[in-house]
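# Architecture and fold: a report
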Amino acid sequence: MMIRRPNQNRTIILLVAPAFLFVLVFFVLPLIFLLSQSVLPEEGGFTLQGYLDFFQSRVSRIVYLRTLRLGLIVTGICLVMSYPAAFVLARMPARRRSFLMSLVILPLMTNAVARTFAWLIILGRRGMINQTLLSLDLVENPVRFIFTETAIVLGLAQLFLPLMVLPLVSAMENIPDDVLEAALSLGANRLTTFLRIVVPLSSDGLVLGATLVFTGSVTAFVTPAILGGSRLLLMSTLLRQKAVILFDQHAAAVVAVVMILTTLAVNLLLRVLRAQQS
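This write-up is about the structure you can find in this document. Bear in mind the structure is a predicted one, so any value in this text is a computation, not a measurement.

What follows deals with the packing of helix α5 (residues 112–123) against helix α6 (residues 128–135). Where α5 meets α6, the axes come as close as 4 Å, and the angle between the chain directions of the two elements is 10°. Between α5 and α6, the angle falls in the class roughly parallel. Of α6, the residues touching α5 (which contributes I121, I122 and L123) are M128, I129 and N130. Residue classes in the contact of α5 with α6 are distributed as 5 nonpolar, 1 polar and no charged.

The following block contains the structure:
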């Protein structure tokens, strides 16, 4: 049994202290302040009225449900597209996989604003899709794609797809080839092997990727603001409206806490489902 000396413990504490202080000052304390601001209005006293007002408001409920629905749709799309791609990437030779992984990571190196404005060129009234439809005489007038939920879903899916691929590839790299060959030799077809072997063994990557994509989707601001406009509000744009336009910091804090609790609840649900299948 290895016994640590006092000097070793002191060294570990000194090495961990900067990271601990950074997380404490720039994450934990602001989170505590945000939570306190949502239950302690300027009038004083503890109250949950802000949360009651949020869920009693028809507009807030519509915005919340729309955000939740779009976040789940984007996560589902990324999941369906990422699993086959991650499986193929994980089984490739190392050199070819490194090159393709670089292409997957490349969009993350581009500013989100630039990537979102690129969708305006594609989906606009004079964009590539409308020009193609008009030239083929499939439509008489340009189709309205911008300022719709479809545009937001496409923009968010393209934005966060790499965050689903990377954890899945990392998880699938640890699946031995012998396990897959054993399943095939015992009579399972490739689809059954994928669903019964690959998916359960890569569940950790699924939970991490789904959490990252869903969290990014429900908290993204630039993409919904540009592709959805001011009429199609999501939680992030509603938060900006409360804080910047209406100067209602208490209501803005409530919206922010609801967003945080929603993402935590989805992550907990994914972990529970993973634990039940394992």
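In total, this model carries 6 aromatic pairs according to the counting rule given. Seen from their ring centres, F22 and F26 are 4.9 Å apart, and the 40° between their planes marks the pair as tilted. With F22 and F26 both in helix α1 (residues 6–39) and 4 residues apart, the pair spans about one turn of that helix. With a relative accessible area of 55%, F22 lands in the exposed category. By relative accessible area, F26 is classed as exposed at 59%. When the centroid spacing of 5.7 Å and the interplanar angle of 85° are considered together, the rings of Y83 and F194 count as edge-to-face. One end of the pair, Y83, is in helix α3 (residues 58–90); the other, F194, is in helix α9 (residues 190–201), and 111 residues separate them in sequence. The pair formed by Y83 and F194 is uniform in burial state, with each residue classed as buried. Following the ring pairs from residue to residue traces out a cluster consisting of F54, F55 and Y64.

When a protein is soluble and globular, its nonpolar side chains tend to lie buried together. The biggest cluster of nonpolar side chains holds 42 residues, and the ones touching the most others in it are V74, L89, I152, M172 and L227. Among the elements that make up this core, the one with the highest residue count is helix α7 (residues 149–172) (12 residues). Among all residues touching I152, those that are not within four sequence positions of it are L70, T223, P224, L227, G228, L232 and L234. Of all hydrophobic cores here, the second largest spans 13 residues; its members include F54, V63, L233 and V255.

Attention shifts here to the pattern of salt bridges. A side chain with one charge can pair with a side chain of the opposite charge if their charged atoms come near. A complete count under the given rule lists 4 salt bridges for this structure. Across the pair R66 and E149 runs a salt bridge whose closest N-O atoms are separated by 3.6 Å. With R66 in helix α3 and E149 in helix α7, the pair connects residues that are 83 residues apart, well separated along the chain. Notably, a salt bridge pairs R97 with E173, separated by 3.0 Å at the nearest N-O pair. Placement of the pair is R97 in helix α4 (residues 94–105) and E173 in the loop between α7 and α8 (177–185), with a sequence separation of 76 residues. A residue is classified by how much of its surface remains accessible, and E173, at 38% relative accessible area, is partly exposed. Through salt bridges that share partners, R66, R69 and E149 make up one connected network.

Turning to α4, a few remarks are in order. Along an α-helix, residues three or four apart share an orientation, since each turn contains 3.6 residues. The end-to-end C-alpha separation of α4 is 16 Å, in line with the 16 Å expected for 12 residues at 1.5 Å each. Turning to α4, its buried residues are R97, M101 and V104. For α4, the angular spread of buried residues about the axis comes to 50°, placing them on one side. Of the residues in α4, the exposed ones pointing more than 90 degrees away from the buried face are R95, R96 and F99.

The rules behind these values
- Residues numbered from 1 in each chain as written.
- Predicted model: local features only at pLDDT ≥ 70, side-chain atom pairs only at ≥ 80, totals over all residues.
- Heavy atoms only, no water.
- Axes fitted to C-alpha atoms, helices over the stretch in contact; angles between N-to-C directions.
- Helix = DSSP H or I, 4+ residues; strand = E, 2+ residues; numbered from the N terminus.
- Parallel < 35°, antiparallel > 145°, perpendicular 65-115°, else oblique.
- Contact = heavy atoms within 4.5 Å.
- Nonpolar A, V, L, I, M, F, W, Y, C, P; charged D, E, K, R; others polar.
- Phe/Tyr/Trp six-rings, centres within 6.5 Å; stacked < 30°, edge-to-face > 60°.
- Buried < 20%, exposed > 50% of the residue type's maximum accessible area, 1.4 Å probe, protein only.
- Core = buried A, V, L, I, M, F, W, Y, C linked by side-chain atoms within 4.5 Å.
- Salt bridge = Lys/Arg side-chain N within 4 Å of Asp/Glu carboxyl O.
- Expected span 1.5 Å × (residues − 1).
- Arc of directions from axis to C-beta.

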